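Residues per chain are reported as follows:
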Amino acid sequence: MVEIVSKSSAGGREYITFRIGDQYFCIDIMSVREIRGWTPATTLPHAPGYVRGVINLRGIVLPIIDLADRLGFSATEPTARHVIIVAQTGKQVVGLLVDAVSDIIAMAADKVQPTPDVGSDAARAFVLGVMAIEDRMISLIALESVMPALVGEAA
Amino acid sequence: MDAMQAIRETFFQECEEQLGELETGLLSMQEGAADSETVNAVFRAVHSIKGGAGAFKLDKLVKFAHVFETTLDKIRNGAMEPSPPVMKSMLRAADVLADLVTISRDGGAFDDARSNELIGELNAHCEDKAPAAAAPAPEPKTEEEAEENPFAALGWEPVTISLEPDINEYVINFKPKPELYAKGNEATRLMRELSRLGSLTVQCEIADVPLLANLEPEQSYLAWHATLRTEQDIDSVRAIFEFVDDDCQLDVEKVEPDISAPPLEPVAEVEEAQEAQEAAPVETAVLAVEEQRAVAEAAPLAAASKAEAKPDAAASAAQNTIRVDLDRVDRLINLVGELVINQAMLTQRVLEAGAVKNANIATGLDDLEHLTREIQESVMAIRAQPVRPLFQRMSRTVREIADATGKNVRLKTEGEGAEVDRTVIERLADPLTHMIRNAVDHGLERPDARIAAGKAPQGEVKLSAAHKSGRVVIEISDDGRGIDRARVKATAINKGLIPADAVLSDSEIDNLLFLPGFSTAEKITNISGRGVGMDVVKRSIQALGGRISITSRPGLGSTFSMSLPLTLAVLDGMVVRVADQTLVVPLNSILETMKPKTSEVYGLGPDSQVIGIRGGFTPLIDVGYQLGFRYERCDPMQGVALLIETEGGYRSALMVDAIQDQRQVVIKSLESNYGHVDGIAAATILGDGRIALILDTDAIVNASSGRNSPSDMLLAG
C-alpha cells in the first residue's frame, strides 16, 4: 500500500496522509512535529468557529484547528480516537484536529497535480494540489492558509 | 566576519560593565573617596574602553577616551586634585563616553560639539593644575596604542621593513615584583608589546627560581633580559612599562647598534623568543614529576587571575560570573515551569488514586514538592539582577535635569543590591526616568527658594529599593515643596477632570496626578512636559503587575512608592469559574471580593447594572457575557463580584460564577502561536494540565464601556 521511493529520487518528498470523513489529505512531513491524541481544549473567546481552543503541549500553548470545519465540512465532535497533528510553519505551531492519520507516502514533486477547478472556495483556498496513490486521491493541504492569521488578528 | 561580530558584541557588553564601574567610581570619588583603589578602577575602566575601541577603529571613541584617560592619569599620579569642578566635568565626560559607546554600537549621529566641548574642558583642567613641564604629549601614545590593538584583534602583526640605518638598540632588564602579577599584569604580554616595536630577543632569567619545595606560589622569581632593535625612541619603550612602573625593577639602556646586524624583519626570531620565554616557567620544573610541574606552571597564572579579581573586590564582592545566552535561561525557566505543573498533576493523580495512605508515597511527594519549589526559585533567581545599573542611569538623569533647570541636586540611592527580574528592570527604566525628572523639575525648589524656606540650597532626591513580602518596593522621594494641592485641584477642575464642587480628601487630590491628561507644569518644558504624564507612568507600572502610590507633605516633599513583582514569569492570580471555563484574574488588580445582595444591585438602562458599594455605584460587568462564553447575562446574586481598579483608577465589579483558588501561576504567551485575544492577557497551565486564560481586566472594562470619563471614576470611587 505504501509506495516506497528512495530519498535520492529526484524531487521526492514525504507526506503524512490523514482522513477527514471519507476524504484523504496530506501535509509535508517536514512540517509535522508530532502526532497525539485528542485532549479537551480550553475555549478561546472571540475565536473563529474552526479554532477549537488551546491545549497544553508540554508547556506550549497550542491552538487547535478543527480542519474539517476549516475546510467547510461540519464541525468535528472530537472523541479520544481523534488525532491532533502538531504542525509548524515558520515560527507558528498549531494542532490540526483530524479523524485519523493513515500513512506516510513519498511522492516526486512532479506527480503533484494542480487542484482541479471545483466550485468549493475552501477547496481552492486550502488545497495546493492533488496526487493519486493507488485508487485514492489525496489533497495536499496549504498549511499557511489553514492557520489563523498570526499578526492580522493581533492587530 | 561572524567571529568578529561576536567579539564586537562582547566588547560592547564589557563596555556597559566598564561604564557602570566608571560611574560608581566617579561617584564615590565625588563623595571624597579618592583613594588609589577607586581612582585606579576608574582609570582602568576608561582605559579598557579605549583599548577595545581602538581594536574596532572607533576613532571618535578612542579620541575622547584618550583625553579622559589623560585627565584621570593626572589625578592618579597626584598632579591634579579631584576638586568638585573637576569631578563635575568627569561625570559629564562619563556621560559623553556612554553616549559614544551607544552610538558606536547602534549607529547614529553624535553631537561632536558636545564631546569637543568636554575635551576642551578636560584639557583646561589638565593645563590648570599641571605644571607646564609635565604637560602630556598625548599624540604619539594615541597613535601607537590605537594602532597596535587592531592588529592584536586580527591576530597578525605588522612587519616593519626599514632600510633606514636609524635604528636604536636597547637592552632591557625587567624583573617583576609580585605586585605586578597581583595587579593582573603579565610579563608575557609586556614582552609581546615590546616585540611589536621592533626586533626583540628575550632571555628569561631563571637562576632565582627555588626548589619546588621552597617555591612560594605568589612570589615572583623570573626576570627577563631583552634586546630590542627598533626605530622608536626610548620613551616609547618605557611607555610599555608605564602601567607596571612601580611593580618591577626596570632598566632600559640604549646601546650603540651593531652595524653588521641584519636589518629589521626577523619575525621568526621574535616568535622564537616568545616561545622560549613562554616555556620558561615550565623549564624551572622540568625535573619534577608531572603534577608538580602542573603546579609550577599554574602558579603564576593562579596568582595573576586571583589578583585580577582583587581590585574589583574592593568595590563590590568578588564576582565569579559567566555569560549565558538569555534564551537558554528562558528555556530553563520554561522547563522548570513544566516541572512545577507536572509535580502538581502527579500529586493530584496520586490523591485521586487514594495512594496517599502509604506514608512513603506521601513523604516522597512532599519532598518532590519542596524540591521543585526550590528549583523554581533558584532558576528565577538567575534572571534576577540588582537594580544598581538602573539606579546609576538615574544619577545621570538627575545631573542632566539639574543642569538644565539650574537646581542643585544630590541623588542618594539605597538598596541598589535588591534583585529583580531583568525584564522588570528594563521596563522600569522609562517610568523611573520620568519620575526622577518630575521630582527634580516639579518637586524641588530653586536654591534661592530653598534658602528662603529655611532648607539647604542643595535638594535631595532619594531613590531606594527594598524587598518586602515577595515584592520589591522602589521609592522616589524628594525634599522639595510637596504637592501643591490647591493648584492640583484647580488644574483638574480647569481641565474638566473633576466637577468644580467636588470634595476630595488630600490623598484623592494627590491621586489626581495619575489621571490621563493631567500635567501641572505651568509651561511645557522639554524636561517634564513631553505630552506624557504620570498616567503613563502608572500604566507602565501596572503593565508590570505593579502598583504605585503617592504621599506628600506640603513643604517637606513627596514620595512615590512602587511595589513590583520580582518576576514577570509568574503572577499571583485568583482562579475563578465563569460559564464552565476556568479563568485567572491577576491579584494585583483586585481590590476586594463580595457576594452581591439583591438590595445592592440596580439596573441602569436596558442592559446595564450597577452595584452600590458604601454609598457609591460601580458598574457590574459579566465576564462570561463579555468574553462570549454565554449569551445571557448571569444573575449577579448567584455569583461573586470582584471589585477591581483599572488604569487611571476606574473601578468596576467583575461578575464571576465562583472563586476556586488563589495561587501563583506561570505566565504563557498566547501570541506566539495564535495571536492577541481581546480581554485576555496571557495563558497559564493549571495543576490538572489544562490551560487557563488570564484575564486582562483593563481590556474587559474598556470593552464593556468605552464611555467612562475620568470624572465618572472619581464619583464612583
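Provided above is the structure to which this section pertains.
The structure contained in this document is the topic of the report that follows. Note that this is a predicted model, so its numbers are computed, not measured.

Quick look at the pairing of strand β1 (residues 168–176) of chain B now. Residue and element names in this part refer to chain B. By the bridge criterion, seven bridges tie β1 to strand β3 (residues 223–230) in an arrangement that is antiparallel. Residue glutamate 169 lies in a different strand from β3, and its bridge partner there is arginine 229. Examined bridge by bridge, β1 and strand β4 (residues 248–255) share eight bridges and lie antiparallel to one another. In the sheet register, isoleucine 172 faces β4, and the bridge partner there is valine 252.

What follows covers the sheet that holds strand β2 (residues 198–205) of chain B. Neighbouring strands of a sheet are bound in pairs by backbone hydrogen bonds; such pairs are parallel or else antiparallel. Residues and elements named next belong to chain B. Read across the open sheet, the four strands follow the order β2-β3-β1-β4; overall the sheet is antiparallel. In this open sheet, the two strands that pair with only one neighbour each are β2 and β4. The mean angle between the axes of side-by-side strands here comes to 15 degrees, regardless of whether they run parallel or antiparallel. Across the sheet, helix α8 (residues 187–197) lies against β1, β2 and β3, angled at about 15 degrees from β3, the strand it touches most.

All names here are of chain A. Extensive coverage of strand β5 (residues 60–66) is indicated by the burial of seven of its seven residues. Taken together, the six bridges between strand β4 (residues 51–57) and β5 define a ladder with antiparallel strand orientation. Opposite valine 51, over in β5, you have isoleucine 65 as the bridge partner. With antiparallel pairing between neighbouring strands as the criterion, β4 and β5 make up a hairpin whose turn holds two residues, including arginine 58 at a positive phi of roughly 45 degrees. Alignment of β5 against strand β7 (residues 92–98), held across three bridges, turns out to be parallel. When the bridges of β7 are listed, isoleucine 65 appears paired with leucine 96.

Between chain B and chain A, the contact holds 26 residues from the first and 21 residues from the second. Of all the secondary-structure elements, those providing two or more residues to the side of chain B that touches chain A are α12 (326–353), β21 (680–685) and β22 (691–695) of chain B.

This part takes up the nonpolar core. By size, the foremost hydrophobic cluster in this structure holds 80 residues, and its most contacted members are Val54 of chain A together with Leu654 of chain B. Three or more residues apiece are contributed to this core by two domains, here domain 3 (326–385) and domain 5 (570–716) of chain B. If we skip the residues at most four places from it in the chain, leucine 654 of chain B touches Ile621, Val623, Ala641, Leu642, Ile644, Thr697 and Ile700 of chain B.

Let us now look at the sheet that holds β21 of chain B. All names here are of chain B. Strand order in the open sheet formed by five strands is β20-β12-β13-β22-β21, and the pairing between neighbours is mixed. Either end of the sheet is taken by a strand with one partner, and the two such strands are β20 (658–666) and β21. Within the sheet, the average angular offset between the axes of one strand and its neighbour, ignoring direction, is 35 degrees. For strand β12 (residues 570–578) and strand β13 (residues 581–586), the ladder comprises six bridges, and the chain directions are antiparallel. Bridged to valine 575 within β13 is valine 584.

Rules used throughout
Residues numbered from 1 in each chain as written. Chains lettered and ligands numbered in written order. Predicted model: local features only at pLDDT ≥ 70, side-chain atom pairs only at ≥ 80, totals over all residues. Pairing = 2+ DSSP bridges. Helix = DSSP H or I, 4+ residues; strand = E, 2+ residues; numbered from the N terminus. Axes fitted to C-alpha atoms, helices over the stretch in contact; angles between N-to-C directions. Contact = placed C-beta atoms within 7 Å. Buried ≥ 20, exposed ≤ 12 C-beta atoms within 10 Å, placed from the backbone. Core = buried A, V, L, I, M, F, W, Y, C linked by C-beta atoms within 7 Å. Domains from an automatic or database assignment.

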